[in-house]
Amino acid sequence: MKLTKTLLASTALTVAAGMAVADGHMASEMTIVSWGGAYSNSQQQAYHNPYAEKTGVEIINDESSAEAVAKLRAMNEAGNVTWDVVDVVAADAIRLCDEGLAMEIDPDEHLAAAPDGTSAEDDFGDLLVSDCFIPQIVYSTTFGYRTDMVGDTPPTSVCAVFDTETYPGKRSLEKRPINNMEWALICDGVPKDEVYDVLETAEGQQQALDKLATIKDDVVWWSAGADTPQLLADGEVVMGSTYNGRLFSVIEEQKQPVAMLWDAQVFDLDGWIIPAGLSDERKARALDYIYFATDTQRLADQAKYISYGPARASSAPLVGQHADLGIDMAPHMPTDPNNAKNTFLYNYEFWADYRDDIDAKFQAWLAQ
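Residues numbered from 1 in each chain as written. Predicted model: local features only at pLDDT ≥ 70, side-chain atom pairs only at ≥ 80, totals over all residues. Heavy atoms only, no water.

To continue, consider helix 3 (residues 90-98). Among the nine residues that make up helix 3, eight are buried, leaving the element largely enclosed by the rest of the structure. Here helix 3 has its buried residues at Ala 90, Ala 91, Asp 92, Ala 93, Ile 94, Arg 95, Leu 96 and Cys 97. In the stretch just after helix 3, Gly 100 is the one whose phi turns positive, near 75°. (Buried < 20%, exposed > 50% of the residue type's maximum accessible area, 1.4 Å probe, protein only. Helix = DSSP H or I, 4+ residues; strand = E, 2+ residues; numbered from the N terminus.)

Looking now at the nonpolar core. Ranked by internal contacts, the top residues of the largest apolar core, which has 90 residues, are Met 181, Tyr 289 and Trp 351. Element by element, the count of residues in this core is highest for helix 13 (residues 348-367), at eight residues. Residues contacting Met 181, with those up to four places away along its chain left out, are Leu 199, Gln 205, Ala 208, Leu 209, Leu 212, Trp 351, Ile 358 and Phe 362. (Core = buried A, V, L, I, M, F, W, Y, C linked by side-chain atoms within 4.5 Å. Contact = heavy atoms within 4.5 Å.)

Put simply, the largest pocket is a space of about 340 Å³. In terms of lining, the largest pocket is formed by 19 residues, of which the most central are Ala 66, Glu 67, Arg 176, Arg 355 and Asp 359. Elements with a minimum of two residues in the lining of the largest pocket: helix 2 (68-78), helix 3 and helix 13. A per-class count over the lining of the largest pocket returns seven nonpolar, two polar and 10 charged. (1 Å grid on protein atoms, 1.4 Å probe; cavity = no way out; pocket = protein on both sides within 12 Å on 5 of 7 lines; lining within 4 Å. Points joined across faces, edges and corners; volume = space filled by probe spheres on them. Nonpolar A, V, L, I, M, F, W, Y, C, P; charged D, E, K, R; others polar.)

Let us look at empty space enclosed by the protein. For the structure on display, the rule yields two cavities of 30 Å³ or more. Estimates place the volume of the largest cavity at around 110 Å³. Lining the largest cavity are Trp 35, Tyr 39, Val 89, Ile 137, Tyr 139, Arg 176, Tyr 243, Arg 246, Asp 270 and Tyr 308. The residue inventory of the lining of the largest cavity, partitioned by class, reads seven nonpolar, no polar and three charged.

Despite not being glycine, Asn 179 shows a phi value in the positive range, around 75°. With respect to the secondary-structure elements, Asn 179 resides in the loop between strand 7 (171-174) and helix 6 (180-186). Its relative accessible area of 3% is what places Asn 179 among the buried residues. Of note in this structure, Lys 255 is not a glycine but carries a positive phi near 60°. Positionally, Lys 255 belongs in the loop between helix 10 (244-253) and strand 10 (258-273). Overall, Lys 255 belongs to the exposed group, its relative accessible area being 61%.

Attention now goes to the packing of helix 1 (residues 37-55) against helix 11 (residues 280-293). Contact geometry of helix 1 with helix 11 gives a least axis separation of 10 Å together with a crossing angle of 120°. Relative to helix 11, helix 1 is oriented oblique. You can see that helix 1 and helix 11 cross each other, and the crossing is right-handed. Judged by residue contacts, Tyr 47, His 48, Pro 50, Tyr 51, Lys 54 and Thr 55 of helix 1 engage Arg 285, Asp 288, Tyr 289, Phe 292 and Ala 293 from helix 11. By residue class, the composition of the contact of helix 1 with helix 11 is six nonpolar, two polar and three charged. (Axes fitted to C-alpha atoms, helices over the stretch in contact; angles between N-to-C directions. Parallel < 35°, antiparallel > 145°, perpendicular 65-115°, else oblique. Left-handed = near helix turned anticlockwise from the far one by under 90°.)

If you want it as structure tokens, here you go:
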């Protein structure tokens, strides 16, 4: 995607070694919105703490990213945007950008170049999927399972979630259609490369819901990324979907009897947007933070705390060992060749276009 090269006149910003508003003033505090848990902790360690130490700015954490689109719509409607930087998945960034609720970003003006001089646009490459989106990490949504609850035949296929005879017990799925609809169609025989063609039809959507209905009584629905790891740790579910970094935490840090099921893991991008409608001072602070937090070293630093792949090409060679555990992080990344043998490629544009309609249908189905 060719990104716009036009600076937004309303920002009145200049980029040199960092970001500064023309009169030199930036806000002294900022609210950063993210997902909580192990992920927010990784951002705290890699980004927030060093930025606060460098600038003295007070960072207020908010864990409302799951509701980011709805809340930013409401803030915009009320004319009172209280967030400064928001962590969202790529599809939500596309929606927010299309609706004018997020600032456009010129990567080569607003983001740091790589250490070797490679432009930010080239360093992020194809991961710049929206004019308003600054990618941080590549992650996946996949399944974890209790190793002590699956007998002598641990699951190797994502379709094990629909096999309640071989793997009896509760399973946890996210309380939204994304990923669930795709997995349902794959496990109902739809080839992976035809999933979105099928899912854009009313018949295909019903097919996915019908497949999910076969396990509906056995599902614990989750809305926070920490839910499935806790349910697995407590033995309340035999398997469940969540983000691979959450599973890394429960397996490697908490040493729970849990293993990863990488089959049909869904690759996705997560990153920052800056809400539209900020004052010049708040906008300058947000851009200064973004410039700092998305440079090559900072993105590599986040991988010391969580098993998500950094979005910059120049960051990947700098990924080393876990900051506390001392283990090599590369084999725990979703992009590791051993883990990426059968991935499912998430379609950002599809969900940007169809999310509201399919959400409504999915929630109505849940309520039946």
